[in-house]
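Given next are the chains, with one letter for each unit.
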Amino acid sequence: MVRVSKGKNAKYVPAKQSNTMTYVLGGIAVLVVIVVVIGGVLLISKKEGTPADQAQASIDKATPAFVLGKADAPTKLTFFEDPYCPACGNLERQYGEQLTKAVEDGKLQIKFFLVSFLNRQSPSGDYSDRAAGGLLAIAKSSLPEEQKQKAWMGAHTAMYANQPAEGQGDKTNAEIATTLGDGAKAKGVELPADVTAAISEGKYTVESAQNAGAASQLMQDLNATGTPTVVNNGEKLTLSGDWLTPLLQ
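By the naming in an unreviewed UniProt entry, the protein chain goes by Protein-disulfide isomerase and is assigned to Tsukamurella pulmonis.

*Asks:* Is there a simple way to explain the pairing of strand β2 (residues 75–81) in this structure?
*Replies:* Put simply, side chains in a regular strand alternate between the two faces of the sheet. β2 sits mainly inside the fold: six of its seven residues count as buried. Relative to strand β3 (residues 108–114), β2 is paired through seven bridges, and the arrangement is parallel. Within β3, the residue paired with Thr 78 across the bridge is Lys 111. Taken together, β2, helix α3 (residues 86–104) and β3 form a β-α-β motif whose crossover is right-handed. Across three bridges, the pairing between β2 and strand β4 (residues 229–232) is antiparallel. Note that in β4 the partner of Phe 80 across the bridge is Thr 229.

*Asks:* It is not clear to me how the environment of Thr 100 should be interpreted in this structure. Could you clarify?
*Replies:* Considering the arrangement of structural elements, one finds Thr 100 in helix α3. C-alpha separation for the pair Thr 100 and Gly 69, spaced 31 residues apart in sequence, amounts to 9.3 Å.

*Asks:* It is not clear to me how the sheet that holds β3 should be interpreted in this structure. Could you clarify?
*Replies:* Sheets are built from strands that pair by backbone hydrogen bonding, the pairs being arranged parallel or antiparallel. Ordered in space as β1-β3-β2-β4-β5, the five strands form an open sheet in which the pairing is mixed. Since the sheet does not close on itself, it has two edges, and those belong to β1 (66–68) and β5 (235–236), each with one partner. The pairing of β1 with β3 spans three bridges and is antiparallel. Bridging from a neighbouring strand, Leu 68 pairs with Ile 110 of β3. The strands touched by helix α8 (residues 205–221) within the sheet are β2, β3 and β4, with β3 carrying the most contacts at an inclination of about 110°.

Cut-offs used in this document
- Residues numbered from 1 in each chain as written.
- Predicted model: local features only at pLDDT ≥ 70, side-chain atom pairs only at ≥ 80, totals over all residues.
- Heavy atoms only, no water.
- Buried < 20%, exposed > 50% of the residue type's maximum accessible area, 1.4 Å probe, protein only.
- Helix = DSSP H or I, 4+ residues; strand = E, 2+ residues; numbered from the N terminus.
- Pairing = 2+ DSSP bridges.
- Right-handed = clockwise from strand over helix to strand, strands pointing away.
- Contact = heavy atoms within 4.5 Å.
- Axes fitted to C-alpha atoms, helices over the stretch in contact; angles between N-to-C directions.

Here you go:
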């Protein structure tokens, strides 16, 4: 019998794997890839949250025109309004008293974002920005916070109570100052002379226009198409029927 030498120079030839083993290894590799992909998707989803979470996160990062109410209020709403918008005026007239009471009772906090979609509909071409500028003057005032809250609340109510007719009515800056001042006074706050002057001079009109642009972009990010838009926990609310009472319970 001839023996085959297996010396140290002999070449190692690995045994061929069976087809079954190849399939098993391939299957394991596919499963590993699937697990990694699913794990990555779940991790991304967990970080980003639901669409409502993402919407609320965008709102939280933005700077509102004013925050009405206490930070520890159990219910928080976000309002997008245009001072010249008739539907916004109707919302204030219909629900304003209930909203005001909830804020005063510490049950509700509202973030207001003011836009100016309807500027061009006003005879002056910039009523929305000028009215919002008046409210901004109050927000920027040196009034103590409690008085500022009351003044802004009263001014906001008066602005819509005396809202010009869309496409027809308008107000001068001096008229806006009188309207907002009367509204603040109805809540027991006399606007300081420098605030009244700032409104009459239109001091914050340009800044309000810039704020309106940022608020409009935020609305686009939220897929909100018009005013008024009201958001609760990242969800846009349907403003029909008794939508507010359940939120305040």
